[in-house]
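Structural characterization, general
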Amino acid sequence: MADEELEALRQQRLAELQAKHGDPSGDPSQQEAKQREAEIRNTILAQVLDQAARARLSNLALVKPDKAKAVENYLIQMARFGQLAGKVSEQGLIEILEKVSQQTEKKTTVKFNRRKVLDSDEDDDY
């Protein structure tokens, strides 16, 4: 009896933690939907990209997953609207990467605040 109550408390606590952190992994239907979506994305990308381009995109996904996701979305959108003629080569993917990086480019500026230090023996340096 105590084991069943303990297991029920564990399940309840796990559900509370998942709800608190927004982790939908407890729902099997959502997991299946995410898995199906990932499979569809992979099949579309396999049809659109050649081997070298897929390798480059997977390497990019390891380093910058958000940028790789943006490029994947761009490629899938182009494929759905019929804007791609044939498979995209590695050079074509590089051009697409440059376009996406220009669109999402962040301009950073560095400003130096140089503080003047009062030096009492400034006149003695001659």
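For the structure itself, consult the block above.
Residues numbered from 1 in each chain as written. Predicted model: local features only at pLDDT ≥ 70, side-chain atom pairs only at ≥ 80, totals over all residues. Heavy atoms only, no water.

1. Some thoughts on the overall build of the protein chain
Heads up, the rule is: For helices the rule is a DSSP run of H or I covering at least 4 residues; for strands it is a run of E covering at least 2, with both sets numbered from the N terminus onward. Summary of the burial criterion: residues with accessible area below 20% of their type's maximum are buried, those above 50% are exposed, and those between are partly exposed, where the area comes from a 1.4 Å probe applied to protein chains only.
The helix and strand tally for the protein chain stands at five helices and zero strands. Listing every helix and strand of the protein chain by position from the N terminus yields α-α-α-α-α. Across the 126 residues of the protein chain, 16% fall into the buried class.

2. Considering helix 3 (residues 51-63)
Side chains that are three or four residues apart share a direction in an α-helix, a result of its 3.6 residues per turn. Definition in use: Working rule for helices: expected span equals 1.5 Å times residues minus one. Directions drawn from the helix axis to the C-beta atoms are what define this arc. For this analysis, residues touch if any pair of their heavy atoms sits within 4.5 Å.
For helix 3, which comprises 13 residues, the first-to-last C-alpha distance of 19 Å matches the rise-based estimate of 18 Å (1.5 Å per residue) to within 8%. Of the positions making up helix 3, those classed as buried are Ala 53, Leu 57 and Leu 60. Burial along helix 3 is one-sided: seen end-on, the buried residues are contained in an arc of 60 degrees. Projecting away from the buried face of helix 3 at angles above 90 degrees are the exposed residues Gln 51 and Leu 62. Considering only its buried residues, helix 3 is in contact with helix 2 (28-48), helix 4 (65-80) and helix 5 (90-103).

3. Here's the deal with a negative patch on the surface
Rule in force here: Two joining distances apply to patches: 9 Å for like charges and 5 Å for nonpolar side chains (Val, Leu, Ile, Met, Phe, Trp, Tyr), and every residue must have over 30% relative accessible area and no salt bridge. Exposure was quantified through the Shrake-Rupley algorithm and a 1.4 Å probe, taking into account, for residues, occlusion by the shown protein chains and nothing else. By definition here, a salt bridge exists when the distance from a side-chain nitrogen of Lys or Arg to a carboxyl oxygen of Asp or Glu is within 4 Å. Under this rule, positive means Lys or Arg and negative means Asp or Glu; His and the chain ends count for nothing. Every charge is mapped to an atom, namely NZ of Lys, CZ of Arg, CG of Asp or CD of Glu.
Together, Asp 3, Glu 4, Glu 5 and Glu 7 give the surface a local cluster of negative charge. Mapped onto the fold, Asp 3 is located in helix 1 (residues 2-21).

4. A short note on the layout of surface pockets
The following threshold applies: Detection works on a 1 Å grid of protein atoms alone, calling trapped sets that fit a 1.4 Å probe cavities and calling open sets with protein on both sides within 12 Å along at least five of seven lines pockets, with lining residues defined by an atom within 4 Å of a point. Grid points are joined across faces, edges and corners, and a volume is the space filled by probe spheres set on the points. Each residue is assigned to one of three groups, with Ala, Val, Leu, Ile, Met, Phe, Trp, Tyr, Cys and Pro labelled nonpolar, Asp, Glu, Lys and Arg labelled charged, and all others, Gly among them, labelled polar.
Counted as a void, the largest pocket has a volume near 260 Å³. Lining the largest pocket are 13 residues; nearest its centre among them are Ala 38, Arg 41, Asn 42, Leu 45 and Glu 72. Of all the secondary structure elements, the ones that give two or more residues to the lining of the largest pocket are helix 2, helix 3 and helix 4. Here the lining of the largest pocket takes six residues from helix 2, the largest share from any one element. Taken together, the residues that form the lining of the largest pocket break down as five nonpolar, two polar and six charged.

5. So, the packing of aromatic side chains
Our working definition: Any pair of Phe, Tyr and Trp rings, taking the six-membered ring for Trp, is counted once the centres come within 6.5 Å. Such a pair is stacked with planes under 30 degrees apart, edge-to-face with planes over 60 apart, and tilted for the rest. Here, a charge over a ring means that NZ of Lys or CZ of Arg falls within 6 Å of the ring centre while also lying within 35 degrees of the ring normal.
For the coordinates displayed, the defined rule picks out zero aromatic pairs. Stacked on the ring of Phe 112, the Lys or Arg Arg 114 has its end atom at 5.7 Å from the ring centre.

6. Observations concerning the side chain of Glu 72
Note that Glu 72 resides in helix 4. The exposure class assigned to Glu 72 is buried, which follows from its relative accessible area of 16%. When residues no more than four places from it in sequence are discounted, the contact partners of Glu 72 are Arg 41, Leu 45 and Leu 57.

7. A word on the nonpolar core
To be explicit about the condition: Residues belong to a common nonpolar core when they are buried Ala, Val, Leu, Ile, Met, Phe, Trp, Tyr or Cys residues joined through side-chain atoms within 4.5 Å.
Ranked by internal contacts, the top residues of the largest apolar core, which has 16 residues, are Leu 49, Leu 57, Val 71, Leu 75, Val 88 and Leu 93. Mapped by element, the contributors of at least two residues to this core are helix 2, helix 3, helix 4 and helix 5.

8. Observations concerning the side chain of Arg 41
Basically, it comes down to this: Think of a polar contact as two N or O atoms within 3.5 Å of one another; within protein, one of them needs to be a possible hydrogen donor and the other a possible acceptor, and neighboring residues in sequence only count if both atoms come from side chains.
Tracing the backbone through its elements, the reader meets Arg 41 in helix 2. Taking the relative accessible area as the measure of exposure, Arg 41 reaches 13% and is therefore buried. Here the side chain of Arg 41 touches Asn 73 through a polar contact of 2.8 Å, side chain to side chain. Setting aside residues no more than four positions away along its own chain, Arg 41 makes contact with Lys 69, Glu 72, Asn 73 and Ile 76.

What is shown is where atoms sit, not what they do.
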